[in-house]
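Summary of the model geometry
Spelled out, the chains give:
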2 protein chains.
Amino acid sequence: MADERTRAQKSARRRSTYHHGDLKRALTQAALALVAEKGPKGFTLTEAARRAGVSAAAPYRHFTDKAQLLAAVAEEGFIQLNEALSAAGEGSPDPKNRVIELGRAYVRWAVNHPDYYLSMFGTEMVKRDHPDLLVAGGRAFDNLVDAIASCLDSGVLEGQDPLEIAGPMWSLVHGVASLAIGGDLCDVGIDEDPEALVVRATTEFLAVAEPA
Amino acid sequence: MADERTRAQKSARRRSTYHHGDLKRALTQAALALVAEKGPKGFTLTEAARRAGVSAAAPYRHFTDKAQLLAAVAEEGFIQLNEALSAAGEGSPDPKNRVIELGRAYVRWAVNHPDYYLSMFGTEMVKRDHPDLLVAGGRAFDNLVDAIASCLDSGVLEGQDPLEIAGPMWSLVHGVASLAIGGDLCDVGIDEDPEALVVRATTEFLAVAEPA
DNA sequence: ACCTGAACACCGTTCAAGT
DNA sequence: ACCTGAACACCGTTCAAGT
């Protein structure tokens, strides 16, 4: 209504007791903060609504359910991861070195943002149900595929399909990130820094595909 | 009441409508079934109690909280994984081949028991808080370490500490298992069978550490 | 169109009380 | 010692009703 319009426009003064403009964005922001604070496990739709200043039922005007709000968080995670990877890739002109640096940047980002990472690869929702999430995830993955393709093109690595190398490589990198976040490496007595470990492992792994 | 008592004593001779004997075991069994049916996410302490035929408060006589019951499930998972790995190891006398077969068996077990696997590596509880879990996990991991140590001893692989190879190797194998279960590999267009992928990847990885 | 309020069917957990 | 019953403080979700 007219009243609401005004309120929204001077939000700097009036705030949002009346939840005007983009509650959707406010909820996503609140969800992001909550996941960062308490992890994806402690994230609650009700509390996200509370922080956004609306009733517990309000979110259902913008998200079909809790999982969809969590998917929005995960999507933001993939976007940020993608940015971290792009930056790392641009900083490493040499194609093979770039692949290694992508691995390092991936693990670094994951370890520094464990809650995001868990929301991206946890089981609270099924990616398949959230197309935007698949797109964002695919974009992040493409950094790796492109770098490997460069290696193949320039003859630094041998192989046909870059995916044949990208699969194992992603598995390795995700495995390190995942086990590091879970504390599992430490639990079995591996105290090596995860970044160092992934650099060592990817370097060795890539050595195999080198031309003779 | 008296009625219930009678029921307890017969139901196949003795049974446990009266829940006496080992409710702890009954709860663990119920939890196992629930996790297998609905995944660790859908697992509920209340329903585990319901299936065991007791009130929602009863479990607290045997477990401090929900996480501890889930830890019992995860521990059982590690025990079964350990058995699968031991069997695979014994079937492969050649040391290097044994390492590869351990990777294959690991991924196979994980893909065939995704709910167990998720309860073992999910975030519903912190392993650190459950010593038995660390022990069981360590035992499973030792299969890999021992096999790698055999390779070093027999000179099939070069290196100092088996953990230096076991770390990347576990990361790789866990990464494949984890991404396969989550459907992430398929999502980015990698349709290769996870077992085949892990065999290929570990074989290549081990080739690097071969003596010249 | 967007939000509230009240309601429903659940949870995990605690605690007095029973046997 | 082990379990129940009732209670508490939450959830996610739905739906009529307000503006």
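A quick note: this is a predicted structure, and the numbers were derived from the prediction, not measured.

Roughly 1,100 Å³ of internal volume is contained in the largest pocket. Around the largest pocket sit 46 residues that line it, and A:Phe121, A:Gly122, A:Thr123, B:Phe121 and B:Gly122 are the ones nearest its centre. In the lining of the largest pocket, the residues fall into 16 nonpolar, 15 polar and 15 charged. For the second largest pocket, the calculated volume is near 450 Å³. Considering the residues around the second largest pocket, the lining is formed by 17 residues, among which A:Lys24, A:Thr28, A:Phe63, A:Ala72 and A:Glu75 are closest to the centre. Of all the secondary structure elements, the ones that give two or more residues to the lining of the second largest pocket are helix H3 (23-42), helix H5 (66-90) and helix H8 (131-153) of chain A. Across the lining of the second largest pocket, the residue classes tally to seven nonpolar, four polar and six charged. Residues from two domains meet in the lining of the second largest pocket; each of domain 1 (1-63) and domain 2 (65-212) of chain A gives at least three.

Before going further, it helps to spend a moment on the interface of chain A and chain B. Each partner contributes residues to the interface: chain A has 34 residues there, and chain B has 34 residues. Summed over both sides, the interface of chain A with chain B buries roughly 3,100 Å², with 68% coming from carbon and sulfur. For the pair chain A and chain B, the interface holds four salt bridges. A salt bridge links A:Arg128 to B:Asp187; the nearest nitrogen and oxygen atoms lie 2.9 Å apart. Per-element tally for the side of chain A that touches chain B: the top contributor is helix H9 (residues 162-182) of chain A, with twelve residues. Among the residues forming the side of chain A that touches chain B, the class breakdown is 18 nonpolar, seven polar and nine charged.

Each copy superposes on the other: chain A lies on chain B with an RMSD of 0.0 Å after a rotation of 180 degrees and an axial shift of 0.0 Å. Each copy turns onto its partner about a two-fold axis. Most of the interface of chain A is mirrored in chain B: 100% of its interface residues are interface residues there too.

When you line up the elements, B:Leu172 lands in helix H8 (residues 162-182). The buried category is assigned to B:Leu172, whose relative accessible area is 2%. Along the chain, B:Leu172 and B:Val198 lie 26 residues apart, while their C-alpha atoms are 7.8 Å from each other. Every residue in contact with B:Leu172, bar those within four places of it in the chain, is listed here: A:Pro168, A:Ser171, A:Leu172, B:Ala201 and B:Thr202.

A word on empty space enclosed by the protein. Residue and element names in this part refer to chain A. Within this structure, the stated rule accounts for one cavity of 30 Å³ or more. Of the pockets and cavities examined, the largest cavity occupies roughly 250 Å³. Surrounding the largest cavity, 23 residues form its lining, Tyr-106, Gly-137, Ala-140, Phe-141 and Trp-170 being those nearest its centre. Here the lining of the largest cavity gets eight residues from one element, more than from any other, and that element is H8. Each residue belonging to the lining of the largest cavity can be placed in one class, and the counts come to 16 nonpolar, four polar and three charged.

Quick look at the packing of aromatic side chains now. Residues and elements named next belong to chain A. On inspection of all chains with the given rule, the structure shows twelve aromatic pairs over all chains. With 5.1 Å between their ring centres and 50 degrees between their planes, Phe-141 and Trp-170 make a pair best called tilted. Here Phe-141 is found in helix H8, whereas its partner Trp-170 is found in helix H9, with 29 residues between them in sequence. For the pair shown, Phe-141 and Trp-170 are each scored as buried. A cation over an aromatic ring shows up here: Lys-24 above the ring of Phe-63, its NZ or CZ 5.5 Å from the ring centre.

What follows is about the pattern of salt bridges. A complete count under the given rule lists 18 salt bridges over all chains for this structure. A salt bridge links A:Glu101 to A:Arg104; the shortest N-O distance between them is 2.9 Å. With A:Glu101 and A:Arg104 both in helix H6 (residues 95-112), this residue pair falls three residues apart, about one helical turn. On the accessibility criterion, A:Arg104 (25% relative accessible area) is partly exposed. One salt bridge connects B:Arg200 with B:Glu192, and the closest N-O pair in it is separated by 3.0 Å. Residue class for B:Arg200 comes out partly exposed when judged on its relative accessible area of 22%. The exposure class assigned to B:Glu192 is partly exposed, which follows from its relative accessible area of 29%.

Basis of the calculations
Residues numbered from 1 in each chain as written. Chains lettered and ligands numbered in written order. Predicted model: local features only at pLDDT ≥ 70, side-chain atom pairs only at ≥ 80, totals over all residues. Heavy atoms only, no water. 1 Å grid on protein atoms, 1.4 Å probe; cavity = no way out; pocket = protein on both sides within 12 Å on 5 of 7 lines; lining within 4 Å. Points joined across faces, edges and corners; volume = space filled by probe spheres on them. Nonpolar A, V, L, I, M, F, W, Y, C, P; charged D, E, K, R; others polar. Helix = DSSP H or I, 4+ residues; strand = E, 2+ residues; numbered from the N terminus. Domains from an automatic or database assignment. Contact = heavy atoms within 4.5 Å. Buried area = accessible area lost by both parts, 1.4 Å probe. Salt bridge = Lys/Arg side-chain N within 4 Å of Asp/Glu carboxyl O. Least-squares fit on C-alpha atoms with pLDDT ≥ 70 in both. Buried < 20%, exposed > 50% of the residue type's maximum accessible area, 1.4 Å probe, protein only. Phe/Tyr/Trp six-rings, centres within 6.5 Å; stacked < 30°, edge-to-face > 60°. Lys NZ or Arg CZ within 6 Å of the ring centre and 35° of its normal.

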